[in-house]
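Each chain is listed here by its residues.
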Amino acid sequence: MSLLIEAVVFLTCAVLAVPLFSRFGLGSILGYLTAGMLIGPYLLGLISDVEAALHFGEFGVVLLLFLIGLELSPTRLWSLRRPVFLIGGGQFIFTSIALTGLAWAFAVALPTAILIGTTLSLSSTAVASQLLAEKGQLANRHGRVALSVLLFQDMAVIPLLAVVPLLGTAPMTSGGLSDVFVATAVIIGIIVFGRYLIEPLFDLVANWGDHEVFTAASLLLVVGTAALMDLVGVSMALGGFLAGVLFADSHHRNAVIADIEPFKGLLMGVFFIAIGMSVDLGLIIEKPLLVLLLSALLIGTKSAILYLLGRLGRLAPLQAIRFTASLGQGGEFAFVIFSAALIVGVVNQPLVDLMILVVTISMILTPVLFLLADRIVEHFSPPAGTTVSKTETGDKFDDQQSAVIIAGFGRMGQIVARALRLSGTHFTALDNDLEQISFVSRFGDKAFFGDATRPQILRAAGAAHAKVFVICVHDVAVSIQIAELIRSQFPNLYLVARVRNRHHAYRMREIGVHRVIRETFAGSLDMAEAVLTQTGHAPSQAEDLMRRFKLHDEMLLESQYAIRDNEAALIESSRAASREFRRLIGEDRKAETEND
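The following paragraphs examine the structure supplied in this document.

A few points about the pattern of salt bridges
Side-chain pairing between opposite charges can occur once the charged atoms of the two side chains come close.
Alright, step 1. Counting across every chain of the model gives five salt bridges.
Alright, step 2. The partner of Glu 484 in a salt bridge is Arg 507, and the shortest N-O contact between them spans 2.8 Å. Linking Glu 484 in helix α23 (residues 476–489) with Arg 507 in helix α24 (residues 502–511), this pair joins segments that are 23 residues apart in sequence.
Alright, step 3. Among the residues examined, Glu 484 registers a relative accessible area of 36% and is labelled partly exposed.
Alright, step 4. Note on Arg 507: relative accessible area 30%, which makes it partly exposed.
Alright, step 5. Note that Asp 544 is salt-bridged to Arg 547, the shortest N-O span being 2.6 Å. With Asp 544 and Arg 547 both in helix α26 (residues 539–560) and three residues apart, the pair spans about one turn of that helix.
Alright, step 6. When its relative accessible area of 31% is taken as the criterion, Asp 544 is described as partly exposed.
Alright, step 7. A single salt-bridge network, built from bridges that share partners, covers Glu 484, Arg 507 and Glu 510.

Here's the deal with the pairing of strand β6 (residues 515–518)
Side-chain positions along a regular strand alternate between the two faces of the sheet.
Alright, step 1. Residues Val 516 and Arg 518 of β6 are buried on one face, while the alternating residues Arg 515 and Ile 517, pointing to the opposite face, are not.
Alright, step 2. Relative to β6, strand β5 (residues 494–499) runs parallel, the two being bridged by four bridges. Bridge pairing in β6 places Ala 497 opposite Val 516.
Alright, step 3. For the crossover from β5 across α24 to β6, the handedness is right-handed.

Some remarks on the packing of aromatic side chains
Alright, step 1. This model, assessed by the stated rule, comprises three aromatic pairs.
Alright, step 2. Relative to Phe 152, the ring of Phe 92 has its centre 6.2 Å away and its plane inclined at 55 degrees; by these criteria the two rings are tilted. Of this pair, Phe 92 sits in helix α5 (residues 81–105) while Phe 152 sits in helix α8 (residues 141–167); the two residues are 60 residues apart in sequence, bridging distant segments of the chain. With respect to class, Phe 92 is no different from Phe 152; both count as buried.
Alright, step 3. Both rings, one in Phe 409 and one in Phe 427, keep their centres 6.5 Å apart while their planes meet at 35 degrees; by these two values the pair is tilted. Of the two residues, Phe 409 sits in the loop between β1 (404–407) and α20 (411–423) while Phe 427 sits in strand β2 (residues 427–431), which places them 18 residues apart along the sequence. The same class applies to Phe 409 and to Phe 427, which are both buried.

Some details on the environment of Pro 41
Alright, step 1. By secondary structure assignment, the location of Pro 41 is in the loop between α2 (28–39) and α3 (50–70).
Alright, step 2. Along the sequence, Pro 41 and Val 279 sit 238 residues apart, while their C-alpha atoms lie 9.1 Å from each other.
Alright, step 3. For Pro 41, the contacting residues outside a window of four places in its chain are Ile 47, Val 50 and Met 277.

Some details on the packing of helix α11 (residues 211–231) against helix α13 (residues 253–277)
Helix-helix packing is characterised by the crossing angle of the two axes and by the distance between the axes.
Alright, step 1. Interaxial distance between α11 and α13 falls to 9 Å at its minimum, and their mutual angle equals 75 degrees. Here α11 is positioned roughly perpendicular relative to α13, judged by the angle of their axes. Across the interface between the two elements, His 211, Phe 214, Thr 215, Ser 218, Leu 219 and Val 222 of α11 pack against Ala 255, Val 256, Asp 259, Ile 260 and Phe 263 of α13.

Procedures and definitions
- Residues numbered from 1 in each chain as written.
- Predicted model: local features only at pLDDT ≥ 70, side-chain atom pairs only at ≥ 80, totals over all residues.
- Heavy atoms only, no water.
- Salt bridge = Lys/Arg side-chain N within 4 Å of Asp/Glu carboxyl O.
- Helix = DSSP H or I, 4+ residues; strand = E, 2+ residues; numbered from the N terminus.
- Buried < 20%, exposed > 50% of the residue type's maximum accessible area, 1.4 Å probe, protein only.
- Pairing = 2+ DSSP bridges.
- Right-handed = clockwise from strand over helix to strand, strands pointing away.
- Phe/Tyr/Trp six-rings, centres within 6.5 Å; stacked < 30°, edge-to-face > 60°.
- Contact = heavy atoms within 4.5 Å.
- Axes fitted to C-alpha atoms, helices over the stretch in contact; angles between N-to-C directions.
- Parallel < 35°, antiparallel > 145°, perpendicular 65-115°, else oblique.

Structure representation (structure tokens):
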């Protein structure tokens, strides 16, 4: 089958299966897995090269870990060191011991039992991260602890792959230790490169290249890091995560998220479809009881240990249930480790087929278990209005979701941002002028490079969760384009827009902008007040006059909106309003004179 036809098959599966399963609340992952089993070699046989699809789809896991890394700055990652090493390390050790004992109980040789126990102790980064992300639980406390365990497991893959040759009957080589040193040197090199060179290089690309070049640079960052890690035998997913963490504090972060997100979604779909295709349905029919028993033992053993560690890690009971449901399966690294073990003679082919089938079934069952955990949590959660502890509700990361997004970080945008900062209001600023962003960032303002006319950038900036969107863009056409995009894509956002003149204000009102601010109006009133004060008016009188003039002009702007397209009516309305204002001022002065 040609590559083009295979692409059509994959895309058709995604378009049909995912909406159907999501409609019934089963999630996209189960839809992908079921579609993979349907088109795989054991049913319809539309695609036979499962291994090629699996390797191609693994890059989706790399992109997923990269995007997760972008949410974790080095400072925040350091704050996770306790759950990474204590809970993550404890889970790996205790689960490995328990599963090794079970394998030994099934009369498996001790070296093979050790390999099976340590390999099956690893959970699926792809399944767990995707489920937590779909449910919006990555930032919750149980989501953070789950991510910490996954990070430790990804790091544990490196020594596991190095130890596999030592367990086998094939001739041992002395390259294991040197490979570890090479891998360590590469990781240090990536950290140094990310710390000092990535930001300047992306600055150059943003200044000299167009949007397509910037997208290519974003993909090159992830692909290059993953390829380098894979070259030295390290997990590509861990390389993607490391690149994301190093890029988390960059002002290009939102633009990179917008570029990477579509590729991640498609490749993750390919990965899960390939997992479904790898299910050996013939082996299930041949040994159904054994397969089901081993799958139940794997999920049950891991779940018991995970729940206990979650409670010891100060997770509330309901949080521990979700934490357990997300990590109770086997992981995708089992495919890699068992394949390496087969080469050196630690395991035979029938045992590898059985273990891979058990891991795959556990991954397929995870969305169902996660759904069951949600039902349990919903049933036992306190009713609305009940006061619960912070631990019980699942506290978020310390840095809150920005309530305000400011598009355009020139002089007007900076003033708005400074006022918000003084009030303690969180905001995200967007501007496509890299020089301006770099300058402002040096003074402590949180600003990101990005074009606010792109829906992906707005989503990456958090427009779906923000409350207010402020348009401070100087260009009239661009501000109108942003306003139209916001009203169509994020209709619940309250829109405040800078406008240049009355015609610009009328156009923004037509779009649905809630509040328009004329850029020179307030400054002109202050200037007029200063002139009146210096020409004999008392300061209080000048201030009152400008206050009344502002109110009058805003009312006039509102009333003229209905006749904005009728030039003659606008002129007459302005003349009538001017006469009325002068009449009111005259009456007030006459009343003041009589009182004196």
